[in-house]
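Listed below, chain by chain, are the residues.
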Amino acid sequence: MNRLFRLGPVLRARKAQEDAARGAVIQSRQEIREAQQLAKRRALDLAGADAPTEGTARAMVASMVARQSLAAGLSGAHRMVTDAEELTREKVAELADAAKRRRAVEMMAERHAETVRHHDLKVDQANLDELAVTTKARNAARGIDAQTEERANSMRTGSGTAADRENVSRDAALAVQATRTHQIDLADAAQAIAARRGDLVTAVAQQTDPTAELEDEGETDESSRSRA
């Protein structure tokens, strides 16, 4: 199974396009604010330029031309606001489209990641099953009793109920005590055999050495006379 998502470069490109569209929206909104501020300044300028009520005709004409220029500037500022708002709506639509295209590829990447995860879980489960079968076959080949193995595991790991652990502990203690008793009996038997062997050696020595027997008899007679 291919663990690498093949559309990764496409996803990165879609994210870059979405970031660019988001930047364009931010820029267009800034242009709207600037156009609104310009329109506000033009409106204040027009309000401050009152129509002349007296003076020469040339001055009055110049003042009226100035007011018309200010009014035209104000109208242009309002058009700038309208254009900026229209451009912002277009940029927002482009951003939404870029987000949809990015999300479509991203969902494919998520599905691929989920497929890889399920595949890894299946492989791990298969490995565990194979390990369990191999261990069971190995234990069967060595002739290990399943119940003995289970009790040994409970003794090592502390699994099972409290009663099970107590029974296992009691059996282990009895086994140790039996081993010690067997060792003590063997020691006593060894001492008895050694004593018996010494007696036999002494008897054989007396039978093979008559001088030692005569000396023993002489010592016995001397002991009798002394007592008499």
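Residues numbered from 1 in each chain as written. Predicted model: local features only at pLDDT ≥ 70, side-chain atom pairs only at ≥ 80, totals over all residues. Heavy atoms only, no water.

### What about the overall build of the protein chain?
Part 1: The helix and strand inventory of the protein chain stands at five helices and zero strands.
Part 2: Counting helices and strands in the order they occur from the N terminus, the protein chain gives α-α-α-α-α.
Part 3: Every one of the 228 residues in the protein chain was classed for burial, and the buried ones make up 13%.
Part 4: Counted over contacts in the protein chain with a minimum sequence separation of 6, partners at least 24 positions apart contribute 77%. (Helix = DSSP H or I, 4+ residues; strand = E, 2+ residues; numbered from the N terminus. Buried < 20%, exposed > 50% of the residue type's maximum accessible area, 1.4 Å probe, protein only. Contact = heavy atoms within 4.5 Å.)

### Here we look at the environment of Lys40
Part 1: On the secondary structure map, Lys40 appears in helix H1 (residues 8-48).
Part 2: On a C-alpha basis, the gap between Lys40 and Leu74 in space is 8.1 Å, while along the polypeptide they are 34 residues apart.

### Some thoughts on the side chain of Asn139
Part 1: Its place among the elements puts Asn139 in helix H2 (residues 57-142).
Part 2: A polar contact of 3.1 Å, which involves the side chain of Asn139, links it to the side chain of Arg142. (Polar contact = N/O pair within 3.5 Å; in protein donor to acceptor, adjacent residues only side chain to side chain.)

### Things to note about the pattern of salt bridges
Close approach of charged atoms lets side chains of opposite charge pair.
Part 1: With the rule as written, the count across this model stands at eleven salt bridges.
Part 2: Note that Arg89 is salt-bridged to Glu86, the shortest N-O span being 2.5 Å. With a gap of three residues between them, Arg89 and Glu86 both fall in helix H2, about one helical turn apart.
Part 3: Taking relative accessible area as the criterion, Arg89 reaches 49% and is therefore assigned partly exposed.
Part 4: What makes Glu86 partly exposed here is its relative accessible area of 39%.
Part 5: A salt bridge links Glu106 to Arg102, with the shortest nitrogen-to-oxygen separation between them at 2.6 Å. Of the two residues, Glu106 and Arg102 are both situated in helix H2; the distance of four residues between them amounts to about one turn of the helix. Neither residue differs from the other here; Glu106 and Arg102 are each classed as buried. (Salt bridge = Lys/Arg side-chain N within 4 Å of Asp/Glu carboxyl O.)

### Examining H1
Part 1: Taking 1.5 Å of rise per residue, the 41 residues of H1 would be expected to cover 60 Å, and the 61 Å separating its terminal C-alpha atoms lies within 8% of that figure.
Part 2: Gly8, Leu11, Glu18, Ala21, Val25, Ser28, Ile32, Ala35, Leu38 and Ala39 are the residues of H1 that are buried. (Expected span 1.5 Å × (residues − 1).)

### Considering the side chain of Ser28
Part 1: Checked against the element boundaries, Ser28 lands in helix H1.
Part 2: The residues contacting Ser28, other than those within four sequence positions of it, are Ala84, Leu87, Thr88 and Lys91.

### Digging into the environment of Ala39
Part 1: Residue position: Ala39 is located in helix H1.
Part 2: A residue is classified by how much of its surface remains accessible, and Ala39, at 6% relative accessible area, is buried.
Part 3: Sequence spacing of Ala39 and Arg79 is 40 residues, and the spatial spacing of their C-alpha atoms is 9.2 Å.
Part 4: Setting aside its immediate chain neighbours within four residues, Ala39 contacts Leu74, Ala77 and His78.

### Focus on the confidence of the model for the protein chain
Part 1: On average, the protein chain scores 75 in pLDDT, and the residues at 70 or more come to 62%.
Part 2: The weakest mean pLDDT in the protein chain belongs to helix H5 (residues 210-227) at 48; the strongest belongs to H1 at 88. (pLDDT = per-residue confidence, 0-100.)

### Observations regarding the environment of Arg3
Part 1: Within the element layout of this structure, Arg3 appears in the segment before H1.
Part 2: When the C-alpha atoms of Arg3 and Ala113 are compared, they prove to be 8.1 Å apart, with 110 residues separating the residues in sequence.
Part 3: When residues no more than four places from it in sequence are discounted, the contact partners of Arg3 are His112, Val116 and Asp120.
Part 4: Among the polar contacts listed, one links the side chain of Arg3 to the side chain of Asp120, at a separation of 2.7 Å.

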